[in-house]
Amino acid sequence: MQVRLGVIMDPIGTIKIHKDSTFAMLLAAQRRGWYLSYMEQSDLSLQQRDPLGWMRPLKVADNPEQWYHLGPARLKSLSSLDIILMRKDPPFDLEYLVTTYILDQAVALGVLVVNSPQSLRDANEKLFALQFPQCCPPTLVTKRTADLRNFYQMHQDIIIKPLDAMGGASVFRLQASDPNLSVIIEVMTQNEKRFVMAQRFIPEISAGDKRILMVNGEPIPYALARIPAHGETRGNLVAGATGKGIPLSSKDFWIAEQVGSTLRNKGILFAGLDVIGDYLTEINVTSPTCIRELDKIFDLDIASQFLTACEHRLTQR
């Protein structure tokens, strides 16, 4: 059977194919002979209970000069697809939320949406990790200045970050006697109007923020350690970090085991765990990346493993 695969993503003409995981998935699907349909968020609509999308036939090529070709758009029911990959990058804003509601209707009509729309809503990428407190560093979520000051006094070296950003955006480190404490708290909480997350600083960040990819609850046995640039504390590639492939440690496997069954049960077939030292700091479920980097370093085919998991879930349905 030829699988009909739809993808919802950011504009394909703007991606960097050498490091785009969605592109790796599309290449793998095309190799299997699957029929590809391309959509962006603005292509979706809901008529009564029928989820619709302006779909364009898509062909891809691993060619940095011309990596895609789109056919003419046609308005179709999302139920015409077997699988939909929801790969729109954060922020998780109102538009993203409405998209998950539209995709709920596709699920009700028998379409496999990956990752599950309900789980995309439930699993905030910062807060979801706290469902596994045995894996996490000391953490506080609050909008109260006094709470943040107390947490800072207790640990003396902390990270403060927003709950709705990606790529290390607006992540601050506050060390002992930092003169910017008050202004950073004011800006980050918008004067106690916005929740933020504070975590005890983990010095092992110098060895990298490890991205561990999870396929159907099982870890890929290698991680991409994103080592901060000189003078930086953020292990994010877009913030200048350098990626280094490393095998998983015994503690990494233990963390993956703690999280894996929950991911499977929630229909999260592809996730990225962020691990610093021995601590889980985030669980990325919207559009985790690093497939291309790990494939190149270790001669893997992670996207094919992921598609096999999708096929298995599809037959189960």
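Relevant structure appears above.
Everything in this summary refers to the structure shown in the same document. Quantities reported herein were computed from a predicted structural model and do not represent experimental measurements.

Calculation rules
Every chain is numbered independently, its residues counted from 1 as its sequence is written. Only residues with pLDDT of at least 70 are given local features in this predicted model, and only at 80 or more are side-chain atom pairs given and counted; all residues enter the totals for whole chains, interfaces and linings. Hydrogens are left out, water is left out, and the side-chain values use all remaining heavy atoms of the structure. If DSSP finds at least two bridges between two strands, the strands pair. A run of H or I in DSSP counts as a helix once it spans at least four residues, and a run of E counts as a strand once it spans at least two, with each numbered from the N terminus. Orientation is described by lines fitted to C-alpha atoms, with helices fitted over the stretch in contact, and by angles between N-to-C directions that extend from 0 to 180 degrees. Contacts are assigned to residue pairs with any non-hydrogen atoms lying within 4.5 Å of each other. What makes a salt bridge here is a side-chain nitrogen of Lys or Arg within 4 Å of a carboxyl oxygen of Asp or Glu, nothing more. Under the scheme applied here, a residue whose accessible area is under 20% of the maximum for its type counts as buried, over 50% as exposed, and between as partly exposed, the area being computed with a 1.4 Å probe on protein chains only. Here the arc refers to the directions that run from the helix axis out to each C-beta atom. What makes a nonpolar core is a set of buried Ala, Val, Leu, Ile, Met, Phe, Trp, Tyr and Cys residues whose side-chain atoms join them at distances within 4.5 Å.

### Quick word on the sheet that holds strand β17 (residues 279–284)
Strand order in the open sheet made by the 5 strands is β15-β14-β13-β16-β17, with antiparallel pairing throughout. Only two strands of the sheet have a single neighbouring strand rather than two, namely β15 (242–247) and β17. Sheet twist, expressed as the average angle between the axes of neighbouring strands with direction ignored, equals 30 degrees. Bridge analysis of strand β16 (residues 270–276) against β17 gives 5 bridges, and the strand direction is antiparallel. The partner of Leu273 across the bridge, within β17, is Ile283. Contacting β13 (209–215), β14 (218–227), β16 and β17, helix α6 (residues 250–265) runs over the sheet at an angle of about 150 degrees to β16.

### Examining the pattern of salt bridges
All chains considered together, the criterion is met by 16 salt bridges. With a shortest N-O distance of 2.8 Å, Asp82 and Arg4 are connected by a salt bridge. Placement of the pair is Asp82 in the loop between β6 (74–77) and β7 (83–87) and Arg4 in strand β1 (residues 4–9), with a sequence separation of 78 residues. A relative accessible area of 11% places Asp82 in the buried class. In this structure Arg4 comes out as partly exposed when scored by relative accessible area, which is 34%.

### Things to note about the sheet that holds strand β9 (residues 139–142)
Taken in spatial order, the 4 strands line up as β9-β12-β10-β11 in an open sheet, and their pairing is antiparallel. Edge positions in the sheet fall to β9 and β11 (172–174), since each of these pairs with one other strand and no more. In this sheet, adjacent strand axes meet at a mean angle of 25 degrees when their direction is disregarded. For strand β10 (residues 158–162) and strand β12 (residues 196–200), the ladder comprises 5 bridges, and the chain directions are antiparallel. When the sheet's bridge partners are listed, Ile158 is paired in β12 with Arg200.

### Digging into helix α4 (residues 145–155)
Those residues of α4 that sit buried are Leu148, Phe151 and Tyr152. Down the axis of α4, the buried set is contained in an arc of 100 degrees. They therefore lie on one face. More than 90 degrees from the buried face of α4, the exposed residues found are Asn150, Gln153 and Met154. Close packing links the buried residues of α4 with β9, β10, β11, α5 (181–189) and β12. Positive phi shows up at Gln156, right after α4, with a value of about 70 degrees.

### Topic: the nonpolar core
Counting residues in hydrophobic clusters, the biggest one holds 40 residues, and the most contacted among them are Ile12, Leu26, Ile83 and Phe306. Residues Tyr96, Phe128, Cys136 and Val259 belong to the second largest nonpolar core, which totals 38 residues.

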